[in-house]
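Each chain, letter by letter, is given below.
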Amino acid sequence: MSKYWSGLVRNIEPYVPGEQPKDKTYIKLNTNENPYPPSPKVLEAMKQAANENIRLYPTPTCDELRSCIAQYYGLTNKEQVFMGNGSDELLAFVFLAFFNPGSPILFPDITYSFYPVYASLFHIDYRPVPLDGNFSIPIKEFFKKNGGIIFPNPNAPTGKYITLGSIEDILKQNTNQVVVVDEAYIDFGGESAVKLINNYPNLLVVQTLSKSRSLAGLRVGFAMGHEDLIEGINRVKNSINSYTLDRVALAGAMASFADEEYFQNTRRKVIATREKTIFRLLEIGFTVIPSQANFIFISHPLTSAGDIYQQLREKGILVRYFNKPRIDNFLRVSIGSDEEMEYFLKALAEIIDAVC
Ligand code: PMP
């Protein structure tokens, strides 16, 4: 605490990202990064972009990349796409663009922990909607009066997915406010709501290149929706920072969308490893929440999640433990390579054997 801090800074409780420790080399299964490198074509494009033109500002409107994404998703034009420096930055703009103080927004009570942080920072009231007994999103609760809605699909940290039919039900009941579907993990088995955009002018779909495209370090996220929504986000962005994506990021992102084969192979490998891992975990007595993401949410009836987290850490494996009510006996484990998951499963079996 410093006497120089503003009242706002004194009162915020910032988001705490997953650990990125440097003390030794860990098997990192804690921040849902992709275990595979990006396509070699992406790395090549980035090297090419790191040339003397870096003295010039990048294009603030990211036109070429937006056109490329619009085409990739079969949208009408680039005016339906917004680019952000990672989807976290974009989501902050979205909260400012569409949600109002005094008109509570809804999101699941177990969800991405950045949402309450943005809401508090911008003085937006919110009402967390409790997930039901098996961690599903209770759709009808989102029919109640609200000032806007946001949820990840699949949800985080549970990995549970809701169908497009349910999303349409929510959209039909909320035509006067914006419904944001945060699809950070959609490429690992779910169906994107992007195809609903032309029918629902209040739908905003947010995606990222951090997970399925192995580019968490590049910081590229994007939103797709009706042109008027995109214009709204642009008004916020242009009131904060014109140049959110640098030249290297623009080139890398373009190259990623151009290498479809690499993208499909990588995401398929992650999905296959997830399914193998779930099978093995069930064999050793774990409860595994059904996942359509690149992570799984697991618990064991005989051992506390906090203990497992600590013991895995000592064995050089990082997973995510949220010491929060209702989920304090669960661990979120990102899907690594086959070798990493073998190592993880072996370590886990040793931990469980010692208590059983
Ligand atoms: N949404 C959800 C649900 C996430 O889990 C994450 C990653 N922590 C993000 C958005 C942000 O991803 P990024 O800023 O890397 O695009």
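Residues numbered from 1 in each chain as written. Predicted model: local features only at pLDDT ≥ 70, side-chain atom pairs only at ≥ 80, totals over all residues.

As recorded in an unreviewed UniProt entry, the chain goes by Histidinol-phosphate aminotransferase and comes from Methylomusa anaerophila. Recorded in UniProt under Subunit (unreviewed entry), the annotation for the chain is "Homodimer." (UniProt positions renumbered as here; feature names shortened; annotations may be inferred.)

Novice: Tell me about the site of the ligand, and please be specific about residues and values.
Specialist: All residues adjacent to the ligand are Gly-86, Ser-87, Asp-88, Tyr-112, Pro-152, Ala-156, Asp-182, Ala-184, Thr-208, Ser-210, Ala-216 and Gly-221. When residues of the shell around the ligand are assigned to their parent elements, the largest contribution, three residues, is made by helix H4 (residues 86–98). Across the shell around the ligand, the residue classes break down as five nonpolar, five polar and two charged. (Near = placed C-beta within 6 Å. Helix = DSSP H or I, 4+ residues; strand = E, 2+ residues; numbered from the N terminus. Nonpolar A, V, L, I, M, F, W, Y, C, P; charged D, E, K, R; others polar.)

Novice: Describe the nonpolar core, naming the residues involved and giving the relevant values.
Specialist: Counting residues in each nonpolar core, the largest one holds 97 residues, and the members touching the most others are Val-94, Ile-105, Ile-149, Val-180, Leu-204, Val-205 and Ala-223. In terms of residue count, H4 provides more of this core than any other element does, seven residues in total. Residue contributions to this core reach at least three from each of two domains, namely domain 1 (21–37 + 261–355) and domain 2 (40–258). For Ile-105, the residues in contact, after removing those within four places along its chain, are Phe-99, Ala-119, Ile-124, Tyr-126, Asn-146, Gly-147, Gly-148, Ile-149 and Ile-150. (Core = buried A, V, L, I, M, F, W, Y, C linked by C-beta atoms within 7 Å. Buried ≥ 20, exposed ≤ 12 C-beta atoms within 10 Å, placed from the backbone. Domains from an automatic or database assignment. Contact = placed C-beta atoms within 7 Å.)

Novice: Let's hear about the UniProt feature "domain: Aminotransferase class I/classII large" (unreviewed entry) in the chain: which residues, and what values?
Specialist: The positions that UniProt labels "domain: Aminotransferase class I/classII large" (unreviewed entry) are, in the present scheme, residues 25–348. The span residues 25–348 shows a helical share of 37% and a strand share of 15%, and its end C-alpha atoms are spaced 18 Å apart.

Novice: Give me the lowdown on the UniProt feature "modified residue: N6-(pyridoxal phosphate)lysine" (unreviewed entry) in the chain, citing residues and values where you can.
Specialist: With numbering matched to this structure, UniProt assigns "modified residue: N6-(pyridoxal phosphate)lysine" (unreviewed entry) to Lys-211. Along the chain, Lys-211 falls in the loop between strand E7 (203–208) and strand E8 (221–225). Setting aside its immediate chain neighbours within four residues, Lys-211 contacts Asn-32, Asn-34, Ala-184, Tyr-185 and Asn-294.

Novice: So what's going on with the packing of helix H2 (residues 40–49) against helix H8 (residues 247–258)? Which residues, and what values?
Specialist: Angle between the axes and distance between the axes: these two values describe a pair of packed helices. Two numbers describe how H2 lies on H8: the axes approach to 8 Å, and their chain directions differ by 150°. Between H2 and H8, the crossing angle belongs to the class labelled roughly antiparallel. The way H2 lies across H8 gives a crossing that is right-handed. Across from Lys-41, Val-42, Ala-45, Met-46, Gln-48 and Ala-49 in H2, the residues of H8 making contact are Arg-247, Val-248, Ala-251, Gly-252, Met-254, Ala-255, Ser-256 and Ala-258. Looking at side-chain class alone, the contact of H2 with H8 contains nine nonpolar, three polar and two charged residues. (Axes fitted to C-alpha atoms, helices over the stretch in contact; angles between N-to-C directions. Parallel < 35°, antiparallel > 145°, perpendicular 65-115°, else oblique. Left-handed = near helix turned anticlockwise from the far one by under 90°.)

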